[in-house]
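Observations on chain architecture
Listed below are the residues making up each chain.
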Amino acid sequence: RMKRIEMNDPVAIFQEGGEQFIKGDYSSAFELYTKAAELGELEAHYKLSLMYNLGYGVEKDEGKEMHHLEVATIGGHPIARHNLGCHEWNNGNKERAAKHWIIAATQGFGE
């Protein structure tokens, strides 16, 4: 996998980020997820949204959290779509929340 990382394979970079995250090295995970996201890996955008939400390896930042959540949502990530619905619900946008949840369900969320 290191060779694939050196060749800027976004999936390999994302997977290495996941391993670093599991080890508790959130700083390295963040760097790897960022690189994978820059290379177009949607799951990396989703993970970055969580890191910004929870403050793992970075300071909490709702703006950056939402940016990555929206990129993942636009790319078709069903969990990101569901979470965006939760965000809308919590901000009083019930109809928008319901629309996000319906789309997430049609994308396979909850199966």
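In case you missed it, the structure is sitting above this.
One structure accompanies this document, and this report is about it. Here the structure is a predicted model, which means the values were calculated and not measured. (Residues numbered from 1 in each chain as written. Predicted model: local features only at pLDDT ≥ 70, side-chain atom pairs only at ≥ 80, totals over all residues. Heavy atoms only, no water.)

Brief notes about the pattern of salt bridges
Under the criterion given, the structure shown has two salt bridges. With a closest N to O distance of 2.8 Å, Arg-4 and Asp-9 form a salt bridge. Where Arg-96 meets Glu-88, a salt bridge forms, and the shortest distance between an N and an O atom there is 3.8 Å. For Glu-88, a relative accessible area of 9% gives the class buried. (Salt bridge = Lys/Arg side-chain N within 4 Å of Asp/Glu carboxyl O. Buried < 20%, exposed > 50% of the residue type's maximum accessible area, 1.4 Å probe, protein only.)

Remarks on helix H3 (residues 26-38)
In this model, H3 (13 residues) spans 18 Å end to end at C-alpha, consistent with the 18 Å of a helix rising 1.5 Å per residue. Within H3 the residues assigned to the buried category are Ala-29, Phe-30, Leu-32, Tyr-33, Ala-36 and Ala-37. Against the buried residues of H3 lie helix H2 (10-22) and helix H4 (42-54). Just downstream of H3, Gly-40 is the residue with a positive phi angle, here 100 degrees. (Helix = DSSP H or I, 4+ residues; strand = E, 2+ residues; numbered from the N terminus. Expected span 1.5 Å × (residues − 1). Contact = heavy atoms within 4.5 Å.)

Regarding the packing of H2 against H3
In contact at an axis separation of 8 Å, H2 and H3 are set at 165 degrees when each is read in the N-to-C sense. Accordingly, the angle class assigned to the pair H2 and H3 is roughly antiparallel. Crossing geometry of H2 relative to H3 is assigned as left-handed. Of the residues in H3, those in contact with Pro-10, Ile-13, Phe-14, Glu-16, Gly-17, Gly-18, Gln-20 and Phe-21 of H2 are Tyr-26, Ser-28, Ala-29, Leu-32, Tyr-33, Lys-35 and Ala-36. Tallied by class, residues from the contact of H2 with H3 come to nine nonpolar, four polar and two charged. (Axes fitted to C-alpha atoms, helices over the stretch in contact; angles between N-to-C directions. Parallel < 35°, antiparallel > 145°, perpendicular 65-115°, else oblique. Left-handed = near helix turned anticlockwise from the far one by under 90°. Nonpolar A, V, L, I, M, F, W, Y, C, P; charged D, E, K, R; others polar.)

Examining helix H5 (residues 62-74)
Along an α-helix, residues three or four apart share an orientation, since each turn contains 3.6 residues. Its 13 residues place the ends of H5 18 Å apart at the C-alpha level, agreeing with the 18 Å of an ideal helix rising 1.5 Å per residue. Turning to H5, its buried residues number three or more, namely Glu-65, Met-66, His-68, Leu-69, Ala-72 and Thr-73. Projection of H5 onto a plane perpendicular to its axis shows the buried side chains occupying an angular sector of 170 degrees, all on one side. The secondary structure elements touched by the buried residues of H5 are H4 and helix H6 (78-90). Where H5 begins, one side-chain oxygen reaches toward the backbone nitrogen of Gly-63, 3.0 Å away; that side chain belongs to Asp-61. Of the residues trailing H5, Gly-76 is marked for its positive phi of about 100 degrees. (Arc of directions from axis to C-beta. Polar contact = N/O pair within 3.5 Å; in protein donor to acceptor, adjacent residues only side chain to side chain.)

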